[in-house]
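# A closer look at the structure
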Amino acid sequence: MNAEIQTLGALIVVAVAATWLVLRALAKRKNPGCGGDCGCPTDELKAKLKR
(Lines give C-alpha, C1' and ligand atoms only; values in the text may rest on other atoms or scores of the structure.)
Protein backbone atom coordinates (compact mmCIF):
# COMPACT_ATOMS: atom_id res chain seq x y z
CA MET A 1 0.00 0.00 0.00
CA ASN A 2 1.33 3.37 -0.87
CA ALA A 3 1.06 6.42 1.38
CA GLU A 4 -1.75 8.06 -0.57
CA ILE A 5 -4.04 5.03 -0.24
CA GLN A 6 -3.28 4.73 3.49
CA THR A 7 -4.02 8.41 4.03
CA LEU A 8 -7.29 8.17 2.12
CA GLY A 9 -8.30 5.04 4.01
CA ALA A 10 -7.56 6.66 7.36
CA LEU A 11 -9.58 9.75 6.44
CA ILE A 12 -12.53 7.60 5.41
CA VAL A 13 -12.42 5.65 8.69
CA VAL A 14 -12.27 8.87 10.71
CA ALA A 15 -15.13 10.42 8.72
CA VAL A 16 -17.33 7.35 9.20
CA ALA A 17 -16.59 7.24 12.94
CA ALA A 18 -17.28 10.96 13.38
CA THR A 19 -20.55 10.70 11.45
CA TRP A 20 -21.66 7.74 13.57
CA LEU A 21 -20.90 9.63 16.81
CA VAL A 22 -22.80 12.73 15.65
CA LEU A 23 -25.82 10.66 14.60
CA ARG A 24 -25.87 8.86 17.96
CA ALA A 25 -25.70 12.18 19.82
CA LEU A 26 -28.60 13.58 17.78
CA ALA A 27 -30.67 10.42 18.29
CA LYS A 28 -30.23 10.60 22.06
CA ARG A 29 -31.22 14.25 22.03
CA LYS A 30 -34.49 13.43 20.23
CA ASN A 31 -35.41 10.66 22.69
CA PRO A 32 -33.91 11.50 26.11
CA GLY A 33 -34.43 9.40 29.17
CA CYS A 34 -34.34 5.70 29.68
CA GLY A 35 -33.02 4.04 26.56
CA GLY A 36 -33.86 0.47 27.39
CA ASP A 37 -33.35 -2.16 30.02
CA CYS A 38 -31.82 0.01 32.71
CA GLY A 39 -33.82 -1.32 35.66
CA CYS A 40 -36.16 1.68 35.81
CA PRO A 41 -39.65 0.85 37.08
CA THR A 42 -42.42 0.82 34.50
CA ASP A 43 -45.20 3.40 34.49
CA GLU A 44 -47.60 0.86 36.03
CA LEU A 45 -45.24 0.20 38.91
CA LYS A 46 -44.65 3.91 39.44
CA ALA A 47 -48.42 4.46 39.65
CA LYS A 48 -48.76 1.67 42.24
CA LEU A 49 -45.92 3.12 44.34
CA LYS A 50 -47.55 6.57 44.43
CA ARG A 51 -50.81 5.22 45.90
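Whatever comes next refers back to the structure up there.
Here's a quick rundown of the structure. This is a predicted model, so every value here is computed, not measured. (Residues numbered from 1 in each chain as written. Predicted model: local features only at pLDDT ≥ 70, side-chain atom pairs only at ≥ 80, totals over all residues. Heavy atoms only, no water.)

### Examining the overall build of the chain
What the chain contains, in helices and strands, is 2 helices and 0 strands. Just so you have it, the chain exposes about 5,000 Å², and 64% of that area is on carbon and sulfur atoms. (Helix = DSSP H or I, 4+ residues; strand = E, 2+ residues; numbered from the N terminus. Areas by Shrake-Rupley, 256 points an atom, 1.4 Å probe, with all protein chains shown as cover.)

### So, a nonpolar patch on the surface
A cluster of nonpolar side chains, L8, I12 and V16, forms an exposed patch at the surface whose accessible area comes to about 290 Å². Looking at the element boundaries, V16 is found in helix α1 (residues 3-30). (Patch = residues over 30% accessible without salt bridge, like charges linked within 9 Å, V, L, I, M, F, W, Y side chains within 5 Å. Salt bridge = Lys/Arg side-chain N within 4 Å of Asp/Glu carboxyl O.)

### A short note on the environment of T19
Considering the arrangement of structural elements, one finds T19 in helix α1. Note on T19: relative accessible area 45%, which makes it partly exposed. Among the polar contacts made by the side chain of T19, one reaches the main-chain carbonyl oxygen of A15 at a distance of 2.8 Å. (Buried < 20%, exposed > 50% of the residue type's maximum accessible area, 1.4 Å probe, protein only. Polar contact = N/O pair within 3.5 Å; in protein donor to acceptor, adjacent residues only side chain to side chain.)

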